[in-house]
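Breakdown of the fold
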Number of protein chains: 2
Amino acid sequence: MSESIEETCRRIGPADRAVLEAAQARQLSLTKPPGSLGRLEEIGNRLAAICGLPPAVPMAKRLYVAAADHGVTAEGVSAYPREVTYQMVYNFLAGGAAVNVLARHARIDVQVVDAGVDHAFPPDAPLLHRKIVRGTANFVYGPAMTRGQAEQSVLAGIDLARAARQDGIGLLGIGEMGIGNTTAASAITAALTGCPVQEATGRGTGLDAAGLARKAAVIERALAVNRPDRGDPLDVLARVGGAEIGVMMGVALGAAAERLPVVADGFISTAAAALAVACCPPVRDYLFLAHRSEEPGHAALAGFIGQTPILDLGMRLGEGTGAALAMPVIEAAGRLLAEMATFEGARVSGKAR
Amino acid sequence: MSESIEETCRRIGPADRAVLEAAQARQLSLTKPPGSLGRLEEIGNRLAAICGLPPAVPMAKRLYVAAADHGVTAEGVSAYPREVTYQMVYNFLAGGAAVNVLARHARIDVQVVDAGVDHAFPPDAPLLHRKIVRGTANFVYGPAMTRGQAEQSVLAGIDLARAARQDGIGLLGIGEMGIGNTTAASAITAALTGCPVQEATGRGTGLDAAGLARKAAVIERALAVNRPDRGDPLDVLARVGGAEIGVMMGVALGAAAERLPVVADGFISTAAAALAVACCPPVRDYLFLAHRSEEPGHAALAGFIGQTPILDLGMRLGEGTGAALAMPVIEAAGRLLAEMATFEGARVSGKAR
C-alpha cells in the first residue's frame, strides 16, 4: 500500500461517541414517543456522530458513478454485451438513465467517473476522466490489474472525496456501471468474507440457471488462480476487482478521512465499501448501506461492514439508484434531529406513566 | 349508509388494467435489465393504472393529518395523557412535529383536520375545522359515535379528497393524531379481519406489559359490548372507531372516486383505509401502504387490503410520518416510468442472450 493511502487511513478516526450519545439524549427530548421514529433515530444519531449535532441541513448531496470494463466478460458471465458499459455512460451524460431520474428527483449532483471504460470518450465529454485501464484483464488467467493500477484507482477516489468536501458537499454516494462487475464483486465477497462462492454469486443483470453456474465456476477458477490475500485489501482489489471498484473504495476512504457520510448503493458499491473497511476499520462509522440488494452476496458484505441496509425494494440495478433513494431518507433523519420541537419548547406533556 | 357515501362508492371503478399492462410493457423498453428496479416498477405501473401513462410528474403532494380524541383513554390505554392530542395539533400548526419536518423535506403540503379533538381551537387557527365530536364516547360502554356522526366524518373526508383534486394535487396521503387511537385501530382490525385481539394489539406510544394486557382486555370488552357488524364498515367505525379514522376513511374513498393515488401512513391510517376497502373493494387499487408499522395488527390490515408496505424502518409514530417518507418514493417510481430513456432512444444494446 502506498504511503498516500496509508496517510489517508491515518487521518481516519472513529465517529464521535460523545456526540452520538448527545444525539441519543436529544432524541428523548423531541415531541415523539421514545424510539418511535425507529431507524430514522439511529441514522440521525450516526449522522451527528459523523458531522456534528445538530447535523447541518439541508445537505448538498453528490453521487459519484464510477464506470469501468472487465476482462472477465470474455467468459460469458453477463447477460448484456460489454459495449453496454460505454453506451450507458453516454446515457448517464444525457440524463436518461434510472440514476439520473432518481437524482434529479432528490436534487443530487451526479458526477460520472470514467475509471476504466474500454472506450475513448471525447476529451470534452462532461465526465471525470480518470481512466486507469481500458478494461481490466480477464482475472481467470491472472490479476485484473497491477497493484499500481489498483492503487491509482483508490487514490483517484480519495481525491474525489476531497473535491466533494471542497465543493461543500454534506452527503456523498457511490454507484457504478460496468458489465461484468457483479462477477468481480462476488469474487471480492468470497475473498474478503470467506463466504462460499455459491452464496456470493447471483444472476447479475439477468443470467439464466446455466449462466449462473458458469459465473460461479469462473469465480472459483479466478480465486484459485489469483489466491487474493484477504489481509491485503489492495491485493484483493488488484487481483479480482475492477477500476470502478477501486475508485469507489477510495471515495469511501476519502469520505471517512474528510468526516463525510457516504452511502454505498448496492452489491458492487458495498463490495468497494467493504474493501475500504478492510483497509481501515473505522471507515464503517461513516458508511450507510442504501438498500438490500437482490444479489445474494450483499448480506455477507453488510455483515462484514456491520451496517444494516436502509431500504428493501427488491432492486438490483446499481448505477447508484438505491443510493439516490436512500440519501433523502438519511438527510430526513438529520433534519428531524435538527428541526423537531422539544416537549418543553412545544409545551407538550410527557409520558403519563 | 347514506346515499352520499353510496354515491361516492358508485363512482369508484377498478384501476385501468389495460394501462397497467401498457406500463409493464413500457418498463421492458427502458434502459435497465427487466425487473431490476424491483418494487419501483410495480409502484410505477400501479400509478399509471390510476392516473395515466406516463404518470404526470412531478406531483403536487398533500397530506391530511386528521386529529381526534377518544373516550376510551379513560381506561388507561395510552402511555400519554389525553391533552397531548390538542397540544400536538398546536405543534403541527407551528411546524415542529416530525411530520412537519418530513413534509417540508419532501415538499408535501400538510393540512391539519380537527375531526374531533376535545379542545376549542380558535376559529382563526390554520386548520380545517371539521369537528364532529369533542372526543368520542368510551366504547367500552357503548358505541364511540352515533351512526350519523360516523357518516358525517366519512363525508368530511370525501369532501377533502374532492378539494385536493380541485387544488391540482396528484398524490394524497393520510395521517393522524389521537391519544388512544391505536386502541380503536386494533378493535377495528379485530372486527374487520377476524384477527384475534391479542395479535391486533400493540404497545402504541409505549405501554409496558401490564398496560398492553389492560389494553387488550379493554378491546375484548368493547367488542363484546358493541358487537360491530363486519359486513357494515360504517357500523364498525361508529362503534369502535373514531372521528379522525372516519375522516381518513372518507379521504380514501374520495381519492378513489377522484382517481387519485392515496398513501396510508401507519397502523391507524391503514385501519381507516381497510374500512374504505370494506366499503368498496376497488379502493384497494388506489391505495399505497407507506411502511410496515411496528404495531402487530398492521400486517392483518395489509393482508385485508391486499397491498404490501413500501418502507420498513421500524417506525410507530403515526402523524403521517411514514407517508411523508413514502410519497417521494412513489413519485420517483412515476418519474422513472415517465422520464427514463429507452434502449432504442439511447442506443443501448439489449440482452445478449
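The paragraphs below set out a description of the structure included in this document. As the structure is a computational prediction, the values presented were derived from the model and not from experiment.

1. What about the packing of helix H5 (residues 98-106) of chain A against helix H14 (residues 321-339) of chain B?
Interhelical geometry of H5 of chain A versus H14 of chain B gives an angle of 135° and a closest axis separation of 9 Å. The pairing of H5 of chain A with H14 of chain B is recorded here as oblique in orientation. Once H5 of chain A is placed against H14 of chain B, the crossing between them reads as right-handed. On H14 of chain B, the residues touching Ala98, Val101, Leu102, Arg104 and His105 of chain A of H5 of chain A are Pro328, Glu331, Ala332, Arg335, Leu336 and Glu339 of chain B.

2. Here we look at H14 of chain B
The terminal C-alpha atoms of H14 of chain B lie 28 Å apart, and with 19 residues this matches the ideal 27 Å at 1.5 Å per residue to within 8%. Where burial is concerned, most of H14 of chain B is hidden: 16 out of the 19 residues are buried.

3. Some thoughts on the packing of helix H7 (residues 181-193) of chain A against helix H9 (residues 209-226) of chain A
All names here are of chain A. One can describe the packing of H7 onto H9 by two numbers: an axis separation of 10 Å at closest approach and a directional angle of 55°. On the basis of their axis angle, the class for H7 and H9 is oblique. The interaxial crossing formed by H7 with H9 has right-handed handedness. Within the contact between the two elements, H7 uses Thr182, Thr183, Ser186, Ala187, Ala190 and Ala191 and H9 uses Lys215, Val218, Ile219 and Leu223. Residues of the contact of H7 with H9, tallied by class, amount to 6 nonpolar, 3 polar and 1 charged.

4. Comments concerning the sheet that holds strand S6 (residues 287-289) of chain B
All names here are of chain B. Taken in spatial order, the 6 strands line up as S3-S2-S1-S4-S5-S6 in an open sheet, and their pairing is parallel. Since the sheet does not close on itself, it has two edges, and those belong to strand S3 (128-129) and S6, each with one partner. Direction of pairing for strand S2 (residues 108-116) relative to S3: parallel, over a ladder of 2 bridges. Residue pairing for S3: Asp114 is matched across the bridge by His129. Here helix H4 (residues 84-94) sits on the sheet in contact with strand S1 (61-68), S2 and strand S4 (171-177), set at roughly 140° to S4.

5. Quick word on the nonpolar core
If you look at the biggest cluster of nonpolar residues, it comprises 272 residues, and the most contacted ones within it are Leu172, Leu253 and Val283 of chain A together with Leu172, Leu253 and Val283 of chain B. Apart from the residues lying within four places of it in its own chain, the contact partners of Val283 of chain A are Ile12, Ala252, Leu253, Ala256, Ala276 and Val277 of chain A.

6. Concerning the relation of the copies chain B and chain A
Note on the identical chains: chain B maps onto chain A by a rotation of 180° and an axial translation of 0.0 Å, with an RMSD of 0.0 Å. Such a combination of turn and shift is consistent with a two-fold rotation axis. No C-alpha of chain B approaches the rotation axis more nearly than that of Leu311 of chain B, which lies at 3.3 Å. When the interface residues of chain B are mapped onto chain A, 100% of them again lie at the interface, so the same face is used by both copies.

7. Some remarks on the pattern of salt bridges
Tallied over the entire structure, the rule returns 38 salt bridges over all chains. Among the salt bridges present, the one from Asp167 of chain A reaches Arg62 of chain A, with a minimum N-O distance of 2.8 Å. You can see Asp167 of chain A sitting in the loop between helix H6 (147-166) and strand S4 (171-177) and its partner Arg62 of chain A sitting in strand S1 (residues 61-68), a full 105 residues away along the chain. A relative accessible area of 5% means that Arg62 of chain A is categorised as buried. A salt bridge links Asp159 of chain B to Arg162 of chain B; its shortest N-O distance comes to 2.7 Å. In this pair, Asp159 of chain B and Arg162 of chain B both sit in helix H6 (residues 147-166), 3 residues apart, roughly one turn of the helix. Given a relative accessible area of 37%, Asp159 of chain B falls into the partly exposed group. A cluster of three or more residues bridged by salt bridges with shared partners is formed by Arg62, Asp109 and Asp167 of chain A.

8. Focus on unusual backbone geometry
Residues and elements named next belong to chain A. Of the consecutive residues Leu53 and Pro54, the connecting peptide bond is found in the cis state with omega at -10°. Here Pro54 is to be found in the loop between helix H3 (39-51) and S1. Phi angles above zero are rare outside glycine, and Arg259 is one such case at about 55°. Classification of Arg259 by relative accessible area gives partly exposed; the value is 32%. In the Ramachandran plot, Glu319 falls in the positive-phi region, its phi being about 75° despite a non-glycine side chain. Examined against the element boundaries, Glu319 turns out to sit in the loop between helix H13 (298-305) and helix H14 (321-339). Residue classification places Glu319 among the buried residues on the basis of a relative accessible area of 2%.

9. Section: the environment of Ala190 of chain A
Residues and elements named next belong to chain A. On the secondary structure map, Ala190 appears in helix H7. Sequence-wise, Ala190 and Ala200 are 10 residues apart; in three dimensions their C-alpha atoms are separated by 6.3 Å. Residues within four places of Ala190 in sequence aside, it is in contact with Cys195, Val197, Ala200 and Leu223.

10. Digging into the pairing of S2 of chain B
Sheet topology places S1 of chain B next to S2 of chain B; 8 bridges connect them, and they run parallel. Counted as the bridge partner of Lys61 of chain B is Ile108 of chain B from S2 of chain B.

11. Observations concerning the interface of chain B and chain A
Every contact between the two is made by 61 residues of chain B and, on the other side, 61 residues of chain A. When the two sides are added together, the surface that chain B and chain A hide from each other amounts to roughly 4800 Å², 60% of it contributed by carbon and sulfur. One can count 2 salt bridges joining chain B with chain A. Arg104 of chain B is the salt-bridge partner of Glu339 of chain A, the closest N and O atoms lying 2.9 Å from each other. For the interface between chain B and chain A, the tally reads 21 residue pairs in polar contact (both at pLDDT 80 or more). Of all the secondary-structure elements, those providing two or more residues to the side of chain B that touches chain A are helix H3 (39-51), H4, helix H5 (98-106), H14 and helix H15 (343-346) of chain B. Among the residues making up the side of chain B that touches chain A, the classes are represented as 30 nonpolar, 16 polar and 15 charged.

12. Some thoughts on helix H12 (residues 267-279) of chain B
All names here are of chain B. An ideal rise of 1.5 Å per residue puts 18 Å on 13 residues; H12 measures up with 18 Å between its terminal C-alpha atoms. The buried fraction of H12 is high, at 12 of 13 residues. Of the positions making up H12, those classed as buried are Phe267, Ile268, Ser269, Thr270, Ala271, Ala272, Ala273, Ala274, Leu275, Ala276, Val277 and Cys279.

Calculation notes
Residues numbered from 1 in each chain as written. Chains lettered and ligands numbered in written order. Predicted model: local features only at pLDDT ≥ 70, side-chain atom pairs only at ≥ 80, totals over all residues. Heavy atoms only, no water. Axes fitted to C-alpha atoms, helices over the stretch in contact; angles between N-to-C directions. Helix = DSSP H or I, 4+ residues; strand = E, 2+ residues; numbered from the N terminus. Parallel < 35°, antiparallel > 145°, perpendicular 65-115°, else oblique. Left-handed = near helix turned anticlockwise from the far one by under 90°. Contact = heavy atoms within 4.5 Å. Expected span 1.5 Å × (residues − 1). Buried < 20%, exposed > 50% of the residue type's maximum accessible area, 1.4 Å probe, protein only. Nonpolar A, V, L, I, M, F, W, Y, C, P; charged D, E, K, R; others polar. Pairing = 2+ DSSP bridges. Core = buried A, V, L, I, M, F, W, Y, C linked by side-chain atoms within 4.5 Å. Least-squares fit on C-alpha atoms with pLDDT ≥ 70 in both. Salt bridge = Lys/Arg side-chain N within 4 Å of Asp/Glu carboxyl O. Buried area = accessible area lost by both parts, 1.4 Å probe. Polar contact = N/O pair within 3.5 Å; in protein donor to acceptor, adjacent residues only side chain to side chain.

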